[in-house]
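Below are the chains, spelled out letter by letter.
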Amino acid sequence: MSHPAHMTTRFERNLATREAPWVRWTLLTLSLSFFVLFLILPLVSVFFEALRKGWEVYLLSITEETALAAIKLTVLIAFISVPLNLVFGVAAAWLIAKHDFRGKQLLTTFIDLPFSVSPVIVGLMYMLVFGANGWFGSWLVEHDLKVIFAVPGIVLATIFVTFPFVARELIPLMQAQGRDEEEAAVVLGANGWQTFWYVTLPNVKWGLLYGVILSNARAMGEFGAVSVVSGKIRGQTNTMPLHVEILYNEYNFAAAFAVASLLALLALVTLVIKTWVEHRASSQFNATHLVPADINTLSPRVVP
């Protein structure tokens with residue numbers, strides 16, 4: 001919860017806690033310099049290079065057949081993986097935050113596994129399991145099923161690297177809210193589904209949306225794991241990041257930066273939505289968790 005305005009003002013005016021002006025200006029200059037040099041300039045350069053040869057070349061680059069195939073495949077992968085991660089994340093968060101059971105800490109550790117494993121290693125893991133010489137390779141060949149170097153392999157790799165986001169957003173939120181409301185709903189006669197739909201979900205909707213946004217952004221921008229399992233077949237298994245790499249390696253810089261600009265636009269849109277979700281969640285929290293002092297200040301009660 002944010003501190004009241006009068007406390008912040010008092011802190012800044014106190015000579016014992018106030019920083020010297022040169023310290024504040026130095027920190028501000030360093031922060032802005034880092035921000036401009038490492039974030040703004042690279043982002044601007046992507047759009048500058050994409051549009052250097054004009055709008056005609058730009059539009060031709062992003063509407064070319066292989067580019068459209070890469071865009072469609074990227075959207076398809078996100079459309080499949082994000083809903084699956086949504087279901088898994090909600091189920092895992094509900095189980096961990098609302099129930100006690102053996103292996104709870106182990107499950108929490110497994111959820112964090114994709115954060116500690118390199119995406120390239122993830123791709124190699126699926127190669128060893130579903131590749132032609134992998135554990136299930138011969139069975140897949142006999143039944144004419146393709147996982148590696150096909151869409152199913154890309155989906156599996158994307159699900160692995162993105163599944164912690166929803167769960168990791170919901171677990172601390174559900175734990176902070178406790179179980180009192182759910183227990184009260186059960187006492188009043190609600191079943192499990194009614195309790196989840198009418199009590200739990202409204203309380204975590206903004207955290208859930210936040211996790212979905214992060215999961216979608218990672219799914220569309222994933223490179224390492226997908227590059228291993230896709231085979232980089234142009235027009236078939238190339239996602240947008242892989243298509244950018246191939247174009248750049250072919251010295252087709254205008255087309256490479258044009259497709260890269262679409263990913264940059266996705267990042268900006270994600271940032272805007274993320275900021276909006278954080279603002280709405282903060283507003284809802286402040287509206288429902290006002291301290292008594294704040295309530296008395298906002299609406300004083302007249303005592304007869």
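As shown above, the structure is provided for reference.
Nothing here was measured: the structure is a model prediction, and the numbers come from that model.

Draft legend 1. Broad picture of a nonpolar patch on the surface. There is a patch of nonpolar side chains on the surface, built from Phe34, Phe35, Val36, Leu37, Phe38, Leu39, Ile40, Leu41 and Val44 and spanning about 830 Å² of accessible area. Residue position: phenylalanine 35 is located in helix H2 (residues 21-50). Relative accessible area serves as the criterion here: at 40%, phenylalanine 35 is assigned to the partly exposed category.

Draft legend 2. Layout of the pattern of salt bridges. As enumerated under the stated definition, the model contains eight salt bridges in all. Two residues, aspartate 112 and arginine 168, come together in a salt bridge whose shortest N-O distance is 2.8 Å. Remark: arginine 168 occurs in helix H10 (residues 164-177) and aspartate 112 occurs in the loop between helix H5 (104-111) and helix H6 (113-116); sequence separation between them is 56 residues. For aspartate 112, a relative accessible area of 25% puts it in the partly exposed group. Given the relative accessible area of 28%, arginine 168 is considered partly exposed. Among the ionic contacts, a cluster of salt bridges with common partners joins Asp100, Lys104 and Arg179.

Draft legend 3. Structural context of the packing of helix H7 (residues 119-130) against helix H9 (residues 151-162). In contact at an axis separation of 10 Å, H7 and H9 are set at 135° when each is read in the N-to-C sense. Overall, the two elements H7 and H9 adopt an arrangement that is oblique. Crossing of H7 against H9: the hand is right-handed. Note on element contacts: H9 touches H7 through Leu156, Ala157, Phe160 and Val161, opposite Val122, Met125, Tyr126 and Phe130.

Draft legend 4. Spotlight on empty space enclosed by the protein. Under the criterion given, the structure shown has two cavities of 30 Å³ or more. What the largest cavity holds in volume is close to 50 Å³. As for the largest cavity, its lining consists of Thr74, Ile77, Ile154, Thr158, Ala219, Met220, Glu222, Val226, Thr239 and Pro241. Going through the elements one at a time, helix H4 (65-98), H9 and helix H12 (192-221) are the ones with two or more residues in the lining of the largest cavity.

Scoring rules and cut-offs
- Residues numbered from 1 in each chain as written.
- Predicted model: local features only at pLDDT ≥ 70, side-chain atom pairs only at ≥ 80, totals over all residues.
- Heavy atoms only, no water.
- Patch = residues over 30% accessible without salt bridge, like charges linked within 9 Å, V, L, I, M, F, W, Y side chains within 5 Å.
- Areas by Shrake-Rupley, 256 points an atom, 1.4 Å probe, with all protein chains shown as cover.
- Salt bridge = Lys/Arg side-chain N within 4 Å of Asp/Glu carboxyl O.
- Helix = DSSP H or I, 4+ residues; strand = E, 2+ residues; numbered from the N terminus.
- Buried < 20%, exposed > 50% of the residue type's maximum accessible area, 1.4 Å probe, protein only.
- Axes fitted to C-alpha atoms, helices over the stretch in contact; angles between N-to-C directions.
- Parallel < 35°, antiparallel > 145°, perpendicular 65-115°, else oblique.
- Left-handed = near helix turned anticlockwise from the far one by under 90°.
- Contact = heavy atoms within 4.5 Å.
- 1 Å grid on protein atoms, 1.4 Å probe; cavity = no way out; pocket = protein on both sides within 12 Å on 5 of 7 lines; lining within 4 Å.
- Points joined across faces, edges and corners; volume = space filled by probe spheres on them.

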